[in-house]
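# Commentary on secondary and tertiary structure
This is what each chain is made of:
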Amino acid sequence: MRPGLRRAGVLMAVAVLGLTGCKGKQGPEASGGEPPTPQQVELSYTVPKGMTEVSVPSATPSAGVSYDIKLYRSADSCELRVVRLLIPKGDDQEDQDVTYNMLGAIMKSSGINEFTTNGVMVPGDPGPIPTLTVSGQTSTATMRAIGRLSNESKQGYQLVYGCGKGKLVEKTWDALVKSLSVKGFTGPLTEH
């Protein structure tokens, strides 16, 4: 893997874990007699051809966020990180703002201060789900991300795709986005 992409991959992990203060649980824990806890969404997506799943380094527990991370790498210096997360509490921000902050933090921690955003409706049950995409690059890497975080349902998901400079194939990213569907999201389905 090229040094620029390796740095971007490490920074993606730091941004995910640092922004959310992840705890390292693999889904919600049932609690008797209390209101139902939010459930992790289920993601369906097609991993780009040539990518294989690799183990994810452990993180220091903090802040009560539960998450599930899958990491895929390819021989052509590309990496896909798929994250499902639950936050312990929301704030007063609208979902579009908290989603922008989540994805923006990933880009900025990877050295990408200027990036473009776009909205996309992701199929789901229920759905479709308003979701944000971001894209940008550094002198050594190109990144794309798609995701949603909801203060209301406390659920989130993100797919972050990065390659060494000149290695990212837009058709591969577009196919990944088109293959994405989400089941079990209970946050707002209206666009803000």
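Please refer to the structure placed before this passage.
So, here's what we can say about the structure. Because the structure is predicted, anything quoted here is derived from the model rather than measured. (Residues numbered from 1 in each chain as written. Predicted model: local features only at pLDDT ≥ 70, side-chain atom pairs only at ≥ 80, totals over all residues. Heavy atoms only, no water.)

### Considerations on the environment of Thr52
In this structure, Thr52 sits in strand β2 (residues 51-54). Put simply, Thr52 and Arg73 are 21 residues apart on the chain and 5.5 Å apart in space, counted from C-alpha to C-alpha. When neighbours within four sequence positions are excluded, Thr52 is seen to be in contact with Leu71, Tyr72 and Arg73. (Helix = DSSP H or I, 4+ residues; strand = E, 2+ residues; numbered from the N terminus. Contact = heavy atoms within 4.5 Å.)

### Description of the sheet that holds strand β5 (residues 116-122)
An order of β2-β3-β4-β9-β8-β7-β5 is seen for the seven strands of this open sheet, with the pairing classed as antiparallel. The sheet terminates laterally at β2 and β5, the two strands that pair on one side only. Direction aside, neighbouring strands of the sheet carry axes that sit 20° apart on average. Taken together, the six bridges between strand β7 (residues 129-137) and strand β8 (residues 141-149) define a ladder with antiparallel strand orientation. By the bridge assignment for β8, Gln137 is matched with Thr142. Contacting β4 (78-86), β5, β7, β8 and β9 (155-164), helix α2 (residues 95-109) crosses the sheet at an angle of about 155° to β8. The strands that helix α3 (residues 170-179) touches are β4, β8 and β9; relative to β8, the one it contacts most, it runs at about 10°. (Pairing = 2+ DSSP bridges. Axes fitted to C-alpha atoms, helices over the stretch in contact; angles between N-to-C directions.)

### Brief notes about the pattern of salt bridges
If you walk through the whole model with that rule in mind, you get six salt bridges. Each of the salt bridges in this network shares a partner with another, and the network as a whole consists of Arg73, Glu79 and Arg81. (Salt bridge = Lys/Arg side-chain N within 4 Å of Asp/Glu carboxyl O.)

### With respect to the state of the cysteines
The final tally for this structure, using the stated rule, is one disulfide. Disulfide pairing is shown between Cys78 and Cys163; the S-S distance is 2.0 Å. Across the S-S bond linking Cys78 and Cys163, the dihedral sits near 115°, which makes this disulfide right-handed. Here Cys163 lies in strand β9 and Cys78 lies in strand β4, a separation of 85 residues in the sequence. Here Cys78 falls in the buried class, since its relative accessible area comes to 1%. (Disulfide = S-S within 2.5 Å. Buried < 20%, exposed > 50% of the residue type's maximum accessible area, 1.4 Å probe, protein only.)

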